[in-house]
Amino acid sequence: MVKFQMSLLIAILAALAICIAGVLRDIRGTTVLFRMAVGACGSGLFVYLVTFILEAKGWVFFDKSLDEALDEAVEEKGDAEKMAEAAPQPKAPQAEEQNDEQPEGGGEEGGFQPLASENLRHVDTEKSQ
């Protein structure tokens, strides 16, 4: 029902815009009415088809309540988790034990070295009096 209401609203707005444009240009009444009908049908049909496709793909839920949409999403997530658990897990390589001490150069080039007060360069500042 929401898809129909949305397409009807867009169709009415399109017809209104076409009518205003036709009146401002002093176009004959029959031409304005024909253009309004064609524009309203075209835009309404386009919006209805787009909303239908979006809902069919499962990207949006126009006609379902929020609770129903959330229940379906939870069920799909549960199915995905069950499939992930059933899949074989790759073996992780055994980590080699590393010493807590790091060389002063920071270890590997560009590696992480935590800040310590010994590693910081202290700069003397002039005190203003």
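Residues numbered from 1 in each chain as written. Predicted model: local features only at pLDDT ≥ 70, side-chain atom pairs only at ≥ 80, totals over all residues. Heavy atoms only, no water.

The secondary structure content of the protein chain amounts to three helices and zero strands. Taken from the N to the C terminus, the helices and strands of the protein chain come in the order α-α-α. Across the 129 residues of the protein chain, 12% fall into the buried class. Here the contacts in the protein chain between residues at least 6 apart in sequence split such that 50% fall between residues at least 24 apart. Within the structure as shown, the protein chain displays about 12000 Å² of accessible surface, and the carbon and sulfur contribution to it stands at 59%. (Helix = DSSP H or I, 4+ residues; strand = E, 2+ residues; numbered from the N terminus. Buried < 20%, exposed > 50% of the residue type's maximum accessible area, 1.4 Å probe, protein only. Contact = heavy atoms within 4.5 Å. Areas by Shrake-Rupley, 256 points an atom, 1.4 Å probe, with all protein chains shown as cover.)

Turning our eyes to something else, we now look at the environment of Tyr 48. With respect to the helices and strands, Tyr 48 occurs in helix 2 (residues 29–57). On a C-alpha basis, the gap between Tyr 48 and Met 6 in space is 7.6 Å, while along the polypeptide they are 42 residues apart. In contact with Tyr 48, not counting residues within four places along its chain, are Lys 3, Phe 4 and Ser 7.

Quick look at unusual backbone geometry now. A positive phi angle, close to 55°, is found at Asp 26, a residue other than glycine. By secondary structure assignment, the location of Asp 26 is in the loop between helix 1 (2–24) and helix 2. Judged by its relative accessible area of 70%, Asp 26 is exposed.

A cluster of nonpolar side chains, namely Met 1, Phe 4, Leu 8, Ile 12, Leu 45, Tyr 48, Leu 49, Phe 52 and Ile 53, defines an oily patch on the protein surface of about 910 Å² accessible area. Elements represented by at least two residues in the nonpolar patch include exactly helix 1 and helix 2. Broken down by element, the nonpolar patch gets its largest block of residues, five residues, from helix 2. Examined against the element boundaries, Ile 12 turns out to sit in helix 1. (Patch = residues over 30% accessible without salt bridge, like charges linked within 9 Å, V, L, I, M, F, W, Y side chains within 5 Å. Salt bridge = Lys/Arg side-chain N within 4 Å of Asp/Glu carboxyl O.)

We now examine the pattern of salt bridges. Scanning the model with the defined rule gives one salt bridge in all. Glu 55 serves as the salt-bridge partner of Lys 3, at 3.2 Å between the closest nitrogen and oxygen. Highlighted residues: Lys 3 in helix 1 and Glu 55 in helix 2, separated in sequence by 52 residues. The class of Lys 3 is buried, set by a relative accessible area of 9%.

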